[in-house]
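Coordinates in review
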Amino acid sequence: MMTVRRIVIENCSIATVDAHDTEYASGHVVVAGNRIEAVGAGAAPEGLEGVVRRVDASGHLVTPGLVNTHHHFYQWITRGLATDHNLFDWLVALYPIWARIDEPMLRAAAQGSLAMMARGGVTTAMDHHYVYPRGCGDLSGVIIRAARETGLRFTLARGSMDRSEKDGGLPPDFAVETLEGALAATEGTIDEHHDASFDAMTQVAVAPCSPFSVSTELLRQGAELARRKGVRLHTHGSETVEEEKFCHELFGMGPTDYFESTGWLGEDVWMAHCVHMNDSDIAAFARTRTGVAHCPSSNARLAAGIARIPDMLAAGVPVGLGIDGTASNESGELHTELRNALLINRLGPHREAALNARQALRLGTYGGAQVLGRAAQIGSLEPGKLADLVLWKLDTLAHASIADPVTALVFGAAAPVTLSLVNGEPVVENGRLLHVDEDAVARSTREEAQRLARIAAQH
């Protein structure tokens, strides 16, 4: 019988983010294969067989890997544009550029987005891709292959748009799909790529873009497709006051009521942003266990507002963190969203009581796992769960004078990642990616961004 390969991590602070927020000032984590075998105080048990690596993690905090719940990878090659726009004006400015994207451009953009996340402690990524110009090639396959090459666990939210400018929407006419085409392509992506197993590395969700870029029938039939296939549903919701006005004018109701009327509230649904929600909206999300991807930096960049995260959490709404696309959050990092979520929410009515450091860490780990429907497998450090974890270096100038390690991680400067494991396999070592040439990715993203700009300028 083959001995299980084990990795032992010792002498570290540990924040498990389990149901009791168990923490150890100095403890150990034992990884056996792709699972967490043991977590506890002090040294690891003696006599373990098959130990292939021992890590002295003195000066480090070990946490679950970060879980990103909202992103648009293709935007990596349109960073730094339309920097002084609100959401609708920003979309109008950028849709004509995005509509020219092709496979090489998307490959470079996906590699850049994934690399930046992985370097910063993300172990589970997601991409909401909804731009499928006619004749663009296999864009979903490009994204999934890039995630596999980087080594991250991944959910592709296969997006779609069928409401273009001629129908009162925002996207250009040639950038949208037909209702039938979008549904067929989404089902094909699920059939080809979705893995429902416990330790799945790739999953697929059904993800029509937004109320102002998809038809009611695409939402309704998309929800039916997702539930027939047993996958999750994702879209944008209640991001701006302009969106709320759009929904009232077009549908005679606000976004939450509209979503409920199309089958888009439920424990298998999560929505990005949810900034403009009243008490009734929050109660509906809590009642149906609909999840929220909170994207504080993007909401600030586009002047969308401050989501009522403390009220959502108090009501029992599942909430995770999202980077959003890097055309509205140029950093492309999730670990900085821990801090930004805490700080921005403290500008709201709850002030200093809005969020604390441990709540912010939970949003970025277990909360994200809940939102993606994977809380049984990832999001906390517990025996039997998948071995997705991060060692944050906290003994340098940037953090050494902050006594509490979780406070140091959340309130302090972005902490270096010494080691990141995904499914028990190293993905980052000493701040460098193991499976991706960062310099080559930087070159390709710059070249493809320049090529996209030239093509867009010709139209």
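Residues numbered from 1 in each chain as written. Predicted model: local features only at pLDDT ≥ 70, side-chain atom pairs only at ≥ 80, totals over all residues. Heavy atoms only, no water.

It is worth spelling out the overall build of the protein at this point. Of the regular secondary structure elements, the protein holds 14 helices and 17 strands. For a compact globule of 459 residues, the expected C-alpha radius of gyration is about 23 Å, and the protein comes in at 21 Å, within 12% of that figure. With respect to the principal axes defined by its C-alpha atoms, the protein has extents near 70 × 45 × 45 Å. Within the protein, buried positions represent 61% of all 459 residues. The contacts in the protein between residues at least 6 apart in sequence include a share of 74% that link residues at least 24 apart. Looking at the protein as shown, the accessible area adds up to about 16700 Å², and 51% of this sits on carbon and sulfur atoms. (Helix = DSSP H or I, 4+ residues; strand = E, 2+ residues; numbered from the N terminus. Rg over C-alpha atoms; globule rule 2.2 N^0.38 Å. Buried < 20%, exposed > 50% of the residue type's maximum accessible area, 1.4 Å probe, protein only. Contact = heavy atoms within 4.5 Å. Areas by Shrake-Rupley, 256 points an atom, 1.4 Å probe, with all protein chains shown as cover.)

A word on unusual backbone geometry. In this structure, Arg289 is a non-glycine residue whose phi angle is positive, near 60°. Within the secondary structure layout, Arg289 lies in the loop between helix H8 (279–288) and strand S12 (291–294).

In this section: the layout of surface pockets. For the largest pocket, the calculated volume is near 290 Å³. Trp76, Arg79, Val441, Ala442 and Thr445 are, among the 15 residues lining the largest pocket, the residues nearest its centre. Elements with a minimum of two residues in the lining of the largest pocket: helix H2 (103–119) and helix H14 (438–457). Residue contributions to the lining of the largest pocket peak at seven residues, all from H14. For the second largest pocket, the calculated volume is near 240 Å³. (1 Å grid on protein atoms, 1.4 Å probe; cavity = no way out; pocket = protein on both sides within 12 Å on 5 of 7 lines; lining within 4 Å. Points joined across faces, edges and corners; volume = space filled by probe spheres on them.)

Right, let's get into the packing of aromatic side chains. Counted by the stated rule, this structure contains 10 aromatic pairs. Each ring, one from Trp90 and one from Trp98, has its centre 5.3 Å from the other, and the planes form 75°; the classification is edge-to-face. For Trp90, a relative accessible area of 4% gives the class buried. Overall, Trp98 belongs to the buried group, its relative accessible area being 1%. By way of ring pairs, the aromatic residues Phe88, Phe212, Phe246, Phe251, Tyr258 and Phe259 are connected into one cluster. Above the face of the Trp76 ring, Arg79 is positioned so that its terminal group lies 3.8 Å from the ring centre. The residue whose ring lies beneath Arg158 is Tyr132, and the NZ or CZ to ring-centre distance is 3.6 Å. (Phe/Tyr/Trp six-rings, centres within 6.5 Å; stacked < 30°, edge-to-face > 60°. Lys NZ or Arg CZ within 6 Å of the ring centre and 35° of its normal.)

On to the environment of Met271. In this fold, Met271 is placed in strand S11 (residues 269–273). Separated by 261 residues in sequence, Met271 and Glu10 have C-alpha atoms that sit 38 Å apart. Residues within four places of Met271 in sequence aside, it is in contact with His234, Thr235, Gly237, Phe259, Trp264, Leu265, Phe285, Gly291, Val292 and Ala293.

The tendency in soluble globular proteins is for nonpolar side chains to be buried side by side. Trp90, Trp98, Leu114 and Met312 are the most contacted members of the largest nonpolar core, which has 113 residues in total. Counting residues per element, this core draws most heavily on H2, which supplies nine residues. In this structure, Val29, Val55, Ala57 and Leu419 belong to the second largest nonpolar core, which totals 17 residues. (Core = buried A, V, L, I, M, F, W, Y, C linked by side-chain atoms within 4.5 Å.)

Let's shift gears to the pairing of strand S8 (residues 153–160). Counting buried residues along S8, eight of its eight residues qualify, which places the element largely inside the surrounding structure. Residues Arg153, Thr155, Ala157 and Gly159 line one face of S8 and the alternating positions Phe154, Leu156, Arg158 and Ser160 line the opposite face, and both faces are buried. Pairing of strand S7 (residues 122–129) with S8 involves six bridges; the strand directions are parallel. Counted as the bridge partner of His129 is Arg158 from S8. One crossover worth recording links S7 to the parallel S8 by way of helix H3 (residues 139–150), and it is right-handed. Handedness of the crossover is the feature at issue here: the chain leaves S8, passes through helix H4 (residues 179–193), returns alongside strand S9 (residues 202–208), and the resulting connection is right-handed. (Pairing = 2+ DSSP bridges. Right-handed = clockwise from strand over helix to strand, strands pointing away.)

Using the criterion set out here, one finds two cavities of 30 Å³ or more in the structure. As a volume, the largest cavity reaches approximately 110 Å³. Lining the largest cavity are 17 residues; nearest its centre among them are Leu87, Trp90, Leu91, His236 and Glu239. Examining the composition of the lining of the largest cavity, we find that four residues originate from one element, helix H1 (residues 87–98), more than from any other. A class-by-class count of the residues in the lining of the largest cavity yields eight nonpolar, seven polar and two charged. In this structure, the second largest cavity encloses a volume near 50 Å³. (Nonpolar A, V, L, I, M, F, W, Y, C, P; charged D, E, K, R; others polar.)

Cross-referencing UniProt, the feature "domain: Amidohydrolase-related" (unreviewed entry) maps to residues 61–411 in the present numbering. Taken end to end, residues 61–411 is 41% helix and 15% strand, and its first and last C-alpha atoms sit 14 Å apart. (UniProt positions renumbered as here; feature names shortened; annotations may be inferred.)

Secondary-structure assignment places Asp324 in the loop between strand S13 (319–321) and helix H11 (335–345). A polar atom in the side chain of Asp324 sits 2.6 Å from the side chain of Ser298. Residues in contact with Asp324, not counting those within four places in the same chain, are His70, His71, His72, His273, Cys295 and Ser298. (Polar contact = N/O pair within 3.5 Å; in protein donor to acceptor, adjacent residues only side chain to side chain.)

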